[in-house]
Amino acid sequence: MKNFILGLVVLSTVLMKAQTQIIAHRGYFQAQPPTTENSIKSLENAQKLKVYGSEFDVRMTKDGVLVINHDEHHGDMEISEASFKELEAVKLSNGEKFPTLKDYLKQGKKDASVKLIVEIKPAKTPELENEITQKTIKMIKNMKLESQTEFISFSLNICKEIKKLAPTFKVQYLNGELSPEQIKKEGLDGMDYHYSVFQKNPTWISEAKTLGLITNSWTVNDVAIYDELKKQGIGFVTTNIPEQLKNK
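Residues numbered from 1 in each chain as written. Predicted model: local features only at pLDDT ≥ 70, side-chain atom pairs only at ≥ 80, totals over all residues. Heavy atoms only, no water.

**So, the overall build of the protein chain**
Regarding its fold elements, the protein chain presents eleven helices and eleven strands. Relative to the 2.2 N^0.38 estimate, which gives 18 Å for 248 residues, the radius of gyration of the protein chain is 19 Å and therefore close to what a compact globule would have. A principal-axis box enclosing the C-alpha atoms of the protein chain has dimensions of 65 × 40 × 35 Å. A total of 248 residues make up the protein chain; the buried ones form 50% of that total. Across the protein chain, contacts joining residues at least 24 apart in sequence account for 57% of those joining residues at least 6 apart. For the protein chain, the computed accessible surface area is about 12200 Å², with 54% contributed by carbon and sulfur atoms. The protein chain carries 34 positive and 32 negative side-chain charges, and their two centres are separated by 8 Å. (Helix = DSSP H or I, 4+ residues; strand = E, 2+ residues; numbered from the N terminus. Rg over C-alpha atoms; globule rule 2.2 N^0.38 Å. Buried < 20%, exposed > 50% of the residue type's maximum accessible area, 1.4 Å probe, protein only. Contact = heavy atoms within 4.5 Å. Areas by Shrake-Rupley, 256 points an atom, 1.4 Å probe, with all protein chains shown as cover. Lys, Arg positive; Asp, Glu negative; His and termini not counted. Charge placed at Lys NZ, Arg CZ, Asp CG, Glu CD.)

What follows is the structure in structure tokens.
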């Protein structure tokens, strides 16, 4: 009987580890009441939902302030060509002030159980990318959030710069053209690709797992696609519908 119970414990532990984890894409903004993506409220909603993590996008203003915004523009201003003071004058659609990375991290620190998935957006030059990366890492370290943060980027340069500056940080590549073997050779921790990439390359999830890589997919807003990826053993999915996928 003891062996049977021990076996059940081991099996449940394995199943828990194999469970596909949910990451809220730009926070949980389609909550009730709805808010807006990449807002402090969307992060707070993701924390209340108790998902694995909440993803958000980092950019830098002309005067070097790190801010949270997916698009290159805020209002009619290009973020990299505007000062923070100019950008701050335009509030988010939910009425919140334009968020800085520091503000976002302060909210993130309130719940250590929800990972902060930091997407550093590509910049116009490698030098600017390196500056954004260095500043982001410095802020995360100063706020002692190293164990709570993971990183993603469409820029291979940014991914490699993160690993160079902070080798223990988990870094996944987003662009989709590198095979699991190439990701491993680049010294990265995983692949976070659009689900269509995994559909076109059905062996990549199992190959990545064999190589010890993290597997993630964006932006999975269809339950059938989620089920398909889950059957293949994907580790994580990033989604706009975290409340629907959380307990599936």
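**A closer look at unusual backbone geometry**
The omega torsion across Gln-32 and Pro-33 is 0°, close enough to zero to call that bond cis. As for its placement among the helices and strands, Pro-33 is situated in the loop between β1 (21–24) and α2 (40–49).

**Comments concerning helix α6 (residues 156–165)**
Structural remark: α-helix, 3.6 residues per turn; residues separated by three or four positions point the same way. Taken as a whole, α6 has its buried residues at Ile-158, Cys-159, Glu-161, Ile-162 and Lys-163. Where α6 is buried, its residues contact β6 (115–120), α5 (126–142), β7 (149–153) and β8 (171–173). Structurally, the start of α6 carries an N-cap: the backbone nitrogen of Asn-157 is 3.3 Å from a side-chain oxygen of Ser-155. (Polar contact = N/O pair within 3.5 Å; in protein donor to acceptor, adjacent residues only side chain to side chain.)

**So, empty space enclosed by the protein**
Sizing a probe to match a water molecule and rolling it over the atoms shows the empty space that remains. If you walk through the whole model with that rule in mind, you get one cavity of 30 Å³ or more. Empty space within the largest cavity amounts to approximately 30 Å³. Lining the largest cavity, in full, are Ile-23, Tyr-52, Ile-117, Glu-150, Ile-152, Gln-172, Asp-192, Asn-216 and Phe-236. For the lining of the largest cavity, the residue count by class is five nonpolar, two polar and two charged. (1 Å grid on protein atoms, 1.4 Å probe; cavity = no way out; pocket = protein on both sides within 12 Å on 5 of 7 lines; lining within 4 Å. Points joined across faces, edges and corners; volume = space filled by probe spheres on them. Nonpolar A, V, L, I, M, F, W, Y, C, P; charged D, E, K, R; others polar.)

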